[in-house]
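Below, each chain spelled out in residue letters.
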Amino acid sequence: MQALIEVILPVFLVLGFGYLARWKLGFSDDAVQGLMKFAQNFAVPVLLFRALSTLELGENFAWNLLASFYTGAILGFFAGLFGARYLFKRPWTDSVAIGFATLFSNSVLLGLPIMERAYGSDALGPNYAIIAIHAPVCYLIGVTAMEIVRTGGGGILAPLKGVAKSMARNPLVIGIALGIATNLSGLTLPGPARDAVDLVARAALPAALFGLGGVLVAYKPEGDMRVVAWIVLVSLVLHPAVTWVMGTLTGLSDAQFRSAVLTASMAPGVNAFLFANMYGVSKRVNATGVLAATASSILTIWLWLHVLP
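Residues numbered from 1 in each chain as written. Predicted model: local features only at pLDDT ≥ 70, side-chain atom pairs only at ≥ 80, totals over all residues. Heavy atoms only, no water.

**Q** Looking at this structure, I do not really get the overall build of the protein chain. What am I missing?
**A** Assigned secondary structure in the protein chain consists of 15 helices and zero strands. Against the 2.2 N^0.38 benchmark of 19 Å for 309 residues, the protein chain shows a C-alpha radius of gyration of 19 Å, consistent with a compact globule. Overall, the C-alpha framework of the protein chain stretches about 55 × 45 × 40 Å when taken along its three principal axes. Put simply, the protein chain has 309 residues, and 52% of those count as buried. The contacts of the protein chain with a sequence gap of at least 6 include a subset with a gap of at least 24, amounting to 84%. Total accessible area on the protein chain stands at roughly 13500 Å², and carbon and sulfur atoms take up 66% of it. (Helix = DSSP H or I, 4+ residues; strand = E, 2+ residues; numbered from the N terminus. Rg over C-alpha atoms; globule rule 2.2 N^0.38 Å. Buried < 20%, exposed > 50% of the residue type's maximum accessible area, 1.4 Å probe, protein only. Contact = heavy atoms within 4.5 Å. Areas by Shrake-Rupley, 256 points an atom, 1.4 Å probe, with all protein chains shown as cover.)

**Q** How do you make sense of a nonpolar patch on the surface when you look at a structure like this?
**A** Residues Phe17, Leu20, Trp23 and Leu25 make up a contiguous nonpolar surface patch of about 440 Å² in total accessible area. Of note, leucine 20 is situated in helix α1 (residues 2-23). Of the residues examined, leucine 20 reaches a relative accessible area of 37% and is grouped as partly exposed. (Patch = residues over 30% accessible without salt bridge, like charges linked within 9 Å, V, L, I, M, F, W, Y side chains within 5 Å. Salt bridge = Lys/Arg side-chain N within 4 Å of Asp/Glu carboxyl O.)

**Q** Help me understand the packing of aromatic side chains in this model?
**A** Aromatic rings considered in pairs are described by the distance between their centres and by the relative angle of their planes. In the structure shown here, the tally under the stated rule is 19 aromatic pairs. With a centroid separation of 5.9 Å and 15 degrees between ring planes, the pair formed by phenylalanine 78 and phenylalanine 82 is classed as stacked. Separated by four residues within a single helix, phenylalanine 78 and phenylalanine 82 lie in helix α4 (residues 63-87), roughly one turn from each other. Of the residues examined, phenylalanine 78 reaches a relative accessible area of 38% and is grouped as partly exposed. Look at tyrosine 86 and tryptophan 92: their rings are 5.9 Å apart centre to centre, the planes differ by 90 degrees, and that puts the pair in the edge-to-face class. Through a chain of ring-to-ring contacts, three or more aromatic side chains come together here, namely Phe77, Phe78, Phe82, Tyr86 and Trp92. (Phe/Tyr/Trp six-rings, centres within 6.5 Å; stacked < 30°, edge-to-face > 60°.)

Keep in mind these numbers describe shape, not what the thing actually does.
See the structure below:
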């Protein structure tokens with residue numbers, strides 16, 4: 001219970017404050033969008049740049065860490081895909097979008113603040129290693145699967161090129177790439193620049209959490225609630241459970257194990273809706289899945305924290 005109160009509730013209270021501000025306190029859609037633009041396009045990329053520019057790359061980019069997390073993510077994708085298709089009789093295109101929701105964990109906006117509150121900022125190294133390849137891996141899987149079911153595989157190359165170009169312009173990817181490049185080059189920022197980076201980075205997670213709460217107001221509970229429940233179950237239980245098993249089998253250290261399992265236990269990120277919206281399929285289910293899983297994760301994250309070493 002202490003972990004629920006001291007670690008998880010503060011994070012979700014900030015998120016809930018953002019939700020309440022947009023819902024009842026006059027914080028407009030434009031204000032929410034402006035705040036999220038600041039957080040996602042500027043503050044969070046600066047946070048990722050700062051972290052990766054000083055991260056011990058060889059120590060944190062461990063094959064067993066990435067294998068443990070992404071085995072769980074990929075199995076979660078197939079559980080979402082085939083569950084939607086064969087259990088709930090959804091069209092293949094809908095099923096891929098639902099699979100993307102069970103693939104894409106909210107590793108930054110929820111994963112980082114909860115991990116930091118639970119174990120301190122020094123424990124975030126493995127989280128950053130997972131985050132560094134998260135969006136490219138998930139979009140590669142999602143777009144490839146969607147184009148296979150839409151075109152039989154004949155039209156994969158063009159969409160993948162489009163996603164690659166979009167990723168190359170994505171501020172989060174740019175922040176990650178610049179951080180790794182700075183790290184490998186051995187360069188260090190001058191003192192005033194380093195202090196400025198720290199100031200912006202400290203604003204990233206509170207602003208992003210508050211803004212995420214505002215964004216979730218638009219996600220009205222609607223659609224097939226059986227499928228939504230499946231998204232919640234796969235995202236919050238199956239993915240971390242598989243990661244737990246893989247982490248045990250591959251001999252993760254306690255620090256790596258905590259990062260991998262906690263990140264895997266996060267609800268689907270907003271990208272789950274953005275992917276569905278990009279293809280015009282399963283938008284209501286994915287939006288509701290993000291909302292329902294985010295709310296449910298208050299309890300499930302506490303349970304995972306309770307059993308972690």
